[in-house]
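Next come the chains, spelled out residue by residue.
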Amino acid sequence: QSGDSGEQERLLADKQQKKEEHSRALADAKRELREAVVEGDSDRIADGKARILELGGQGDEVEELIRQADKLADKQDIIDELQAAIITLNTLAESQKGITLSDVKPLSKAIKGATAKGLTEEVPEFNEAVSLEQKCMEQIVVQKELESALDSGKLDDLKHALDHAGDLDMSIALVNKVKQKIKDLDRARPVSERPPKERKPVEMDDDEFERHRNKNMQKAQHERYNFRKYYKIRTDGDYTKGLYFNKRKISETKLSYQKTVIPKSILELDKDLNKLAIAVHKSILGYTGEQLMSFPATLAQDVLIKGLEQPDLVDEIYIQLCKQLTNNPKPESVGRTWQLLCMAVGTFPPSSDFESYLLNFLLEHVNVGGLVGNYARYSLRRLDGMLIRGASGFVPNIDEILSYKERPPILATIELVDGTPL
């Protein structure tokens, strides 16, 4: 009888131990699920929920945890659907053929479903989806504008459509067609219909000048005016046409620093201007010390004279200077190139087509420390006045060019005692 009593006690003890172990395991599973819910970890939520159900968890606390877990799982499903739609639409939007309304519908449907399920703007994926949907709808509108401009064949329509495509950073086949059409029309235009080579001075008071200046600055800050995106730049194939070796390397340095002479003009120019463009680059390399040449100040003066005498060459000169200042590892070369740019903006303006691109380049450098920032601010101020009030037509003499190296120009604001700037 005493043996039976001992066996019963062992059974009760085992039962109690298992009960306690079960309670601890269930408590651990609840804690794990609670933490997973707080962290939004979908894998841990699924594991924690399965573990609680396996342990037979019941009660209000368990039901609330399961409810929260199911809600988060539904939320994750919605997010996964949004992400899949975003990836698909991004791929289509980047393709050369462009996008259609039917391409956007899956994302719109996913956004609608997310909204119905209470997904808020606090979820990054939701905001990304809404932003992409809006951008794609705008792209569809611009695609139609590009097609309409191509049909009309009017230069103004083509340029406006290209500007709108640039706002959305579009690089589809239609954009390339419009660029090519603009180039063809530019080449075919009679001289009498082309924009005037020289800007006529505009008289305005200081307030009007400042408003005009701010308008130019605001426009030029847009990413689409990065000088690398100028529509008149040669394609890589055109730039390396006729070369047999190192085509890839030459293409890669088309718009960045190089210490050798370019194979042809960076912009699409006629045969005679192309020869002058190559000569300009050689002079730039000589003045900046990339190639050893005699009388570097004379080389700088020659670049300025060519720009003044050949208005169709000025954009090529400016884009060559921007190129040489991009990824240039040599401080002395950088300084000399900026000096030449300071001289150029005091001698002749860029074309109306390129002015925003040049302003954009200068604005990117105005906050750089040291001489580079100072050169950029000085160039920007001189260019401001020239774009509005006309070119000076002044080519510095040799002594003035030499003084740029000895006494780099600075931009200073002089104020009266009462704080009024002069």
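How each quantity is defined
- Residues numbered from 1 in each chain as written.
- Predicted model: local features only at pLDDT ≥ 70, side-chain atom pairs only at ≥ 80, totals over all residues.
- Heavy atoms only, no water.
- Helix = DSSP H or I, 4+ residues; strand = E, 2+ residues; numbered from the N terminus.
- Buried < 20%, exposed > 50% of the residue type's maximum accessible area, 1.4 Å probe, protein only.
- Areas by Shrake-Rupley, 256 points an atom, 1.4 Å probe, with all protein chains shown as cover.
- Phe/Tyr/Trp six-rings, centres within 6.5 Å; stacked < 30°, edge-to-face > 60°.
- Lys NZ or Arg CZ within 6 Å of the ring centre and 35° of its normal.
- Salt bridge = Lys/Arg side-chain N within 4 Å of Asp/Glu carboxyl O.
- Axes fitted to C-alpha atoms, helices over the stretch in contact; angles between N-to-C directions.
- Parallel < 35°, antiparallel > 145°, perpendicular 65-115°, else oblique.
- Left-handed = near helix turned anticlockwise from the far one by under 90°.
- Contact = heavy atoms within 4.5 Å.
- Nonpolar A, V, L, I, M, F, W, Y, C, P; charged D, E, K, R; others polar.
- Core = buried A, V, L, I, M, F, W, Y, C linked by side-chain atoms within 4.5 Å.
- Polar contact = N/O pair within 3.5 Å; in protein donor to acceptor, adjacent residues only side chain to side chain.
- pLDDT = per-residue confidence, 0-100.

Engineer: What is the right way to look at the overall build of the chain in this model?
Structural biologist: A tally of regular secondary structure across the chain gives 17 helices and zero strands. Within the chain, the proportion of its 422 residues that are buried is 41%. Put simply, the chain shows about 24,400 Å² of open surface, and 51% of that area lies on carbon and sulfur atoms.

Engineer: What exactly am I supposed to notice about the packing of aromatic side chains here?
Structural biologist: According to the stated counting rule, one finds eight aromatic pairs in the structure shown. Seen in terms of ring centroids, Phe354 and Tyr357 are 5.8 Å apart; in terms of plane orientation they differ by 10 degrees. Their pairing is stacked. When sorted by exposure, Phe354 lands in the same class as Tyr357, which is buried. Grouped by ring-pair contacts, the aromatic residues Tyr225, Tyr230, Tyr231, Phe354 and Tyr357 constitute a single cluster. The ring of Tyr287 is capped by Arg336, whose NZ or CZ atom sits 5.1 Å from the centre of that ring.

Engineer: How should helix H15 (residues 355-363) be read in this particular structure?
Structural biologist: Along an α-helix, a turn takes 3.6 residues, which lines up residues three or four apart on a common side. Summarising burial for H15: eight of the nine residues are buried, a large majority. Taken as a whole, H15 has its buried residues at Glu355, Ser356, Tyr357, Leu358, Leu359, Asn360, Phe361 and Leu362.

Engineer: What is the right way to read the pattern of salt bridges from this model?
Structural biologist: Two side chains carrying opposite charge are able to pair once their charged atoms lie near each other. Applying the stated rule across the entire model yields 13 salt bridges. For Lys229, the salt bridge identified is with Glu223, shortest N-O distance 3.5 Å. A relative accessible area of 46% places Glu223 in the partly exposed class. Asp353 serves as the salt-bridge partner of Lys232, at 3.4 Å between the closest nitrogen and oxygen. With Lys232 in the loop between helix H8 (206-220) and helix H9 (236-239) and Asp353 in the loop between helix H14 (331-345) and H15, this residue pair connects regions lying 121 residues apart in the sequence.

Engineer: Just checking my understanding: could you explain the packing of H14 against H15 for this structure?
Structural biologist: Geometry of a packed helix pair, given as the angle between the helix axes and the separation of the axes. Remark: H14 packs on H15, axes separated minimally by 14 Å, with the N-to-C direction vectors making an angle of 135 degrees. When the axes of H14 and H15 are compared, the pair comes out oblique. Of the two possible hands of crossing, H14 and H15 adopt the one that is left-handed. Mapping the contact onto sequence places Trp338, Leu341 and Val345 in H14 and Leu358, Phe361 and Leu362 in H15. For the contact of H14 with H15, a count of residues per class yields six nonpolar, no polar and no charged.

Engineer: Could you clarify how one ought to interpret the nonpolar core in this entry?
Structural biologist: Core analysis: the biggest nonpolar cluster contains 69 residues, and Leu146, Trp338 and Leu341 have the highest contact counts within it. Top contributing element to this core by residue count: H14, with eight residues. Discounting chain neighbours no more than four positions away, the residues touching Trp338 are Leu325, Phe361, Leu362, His365, Val372, Tyr375, Ala376 and Ser379.

Engineer: Got a minute to help me understand the side chain of Thr337 in this structure?
Structural biologist: Relative to the assigned elements, Thr337 resides in helix H14. A relative accessible area of 0% means that Thr337 is categorised as buried. Filtering out sequence-adjacent residues up to four positions away, Thr337 remains in contact with Thr288, Leu321, Gln324 and Leu325.

Engineer: Whenever I open this one, helix H13 (residues 314-324) confuses me. Can you help?
Structural biologist: For H13, the tally of buried residues reaches 11 of 11 residues, placing the bulk of the element in the interior. Residues of H13 that are buried: Val314, Asp315, Glu316, Ile317, Tyr318, Ile319, Gln320, Leu321, Cys322, Lys323 and Gln324. Against helix H11 (271-287), helix H12 (296-309), H14 and H15 lie the buried residues of H13.

Engineer: Explain the side chain of Gln143 here, please?
Structural biologist: Residue position: Gln143 is located in helix H5 (residues 124-152). The buried category is assigned to Gln143, whose relative accessible area is 7%. A polar contact is formed between the side chain of Gln143 and the backbone oxygen of Ile99, at a distance of 2.8 Å. When sequence neighbours within four positions are dropped, the list of residues in contact with Gln143 reads Gly98, Ile99, Met170, Ile172 and Leu174.

Engineer: Would you mind showing me how to read the environment of His222 here?
Structural biologist: One can find His222 in the loop between H8 and H9. Since its relative accessible area comes to 30%, His222 is described here as partly exposed. For the pair His222 and Tyr357, spaced 135 residues apart in sequence, the C-alpha to C-alpha distance is 9.4 Å. Each residue touching His222, except ones within four places of it in the same chain, is listed here: Gly166, Asp167 and Asn360. A polar contact of 3.0 Å, which involves the side chain of His222, links it to the backbone nitrogen of Arg224.

Engineer: How should the environment of Ile266 be read in this particular structure?
Structural biologist: Examined against the element boundaries, Ile266 turns out to sit in the loop between helix H10 (247-252) and H11. Each C-alpha atom of the pair Ile266 and Leu255 lies 8.1 Å from the other, and the pair is 11 residues apart in sequence. Filtering out sequence-adjacent residues up to four positions away, Ile266 remains in contact with Lys232, Ile233, Arg234, Tyr239, Lys254, Leu255, Glu316, Ile319, Gln320 and Lys323.

Engineer: Sorry if this is basic, but what is going on with the environment of Tyr287 here?
Structural biologist: Within the secondary structure, Tyr287 sits in helix H11. Through-space distance from the C-alpha of Tyr287 to that of Arg336 is 7.1 Å; in sequence the pair is 49 residues apart.

Engineer: I'm lost on the confidence of the model for the chain in this one. Help?
Structural biologist: Parts of the prediction with low pLDDT should not have their coordinates interpreted in detail. Here the chain shows a mean pLDDT of 83. Residues at 70 or above account for 82%. When mean pLDDT is taken per element in the chain, H13 scores highest with 97 and helix H2 (residues 42-54) scores lowest with 69.

Engineer: What should I look at first to understand unusual backbone geometry in this one?
Structural biologist: Negative phi is the rule for most residues except glycine; trans is the rule for most peptide bonds. At Asp169, a position not held by glycine, the phi torsion is positive, near 55 degrees. For Asp169, a relative accessible area of 52% corresponds to the exposed category. One non-glycine residue, Asn327, lies in the positive phi region at around 60 degrees. Mapped onto the elements of the fold, Asn327 is located in the loop between H13 and H14.

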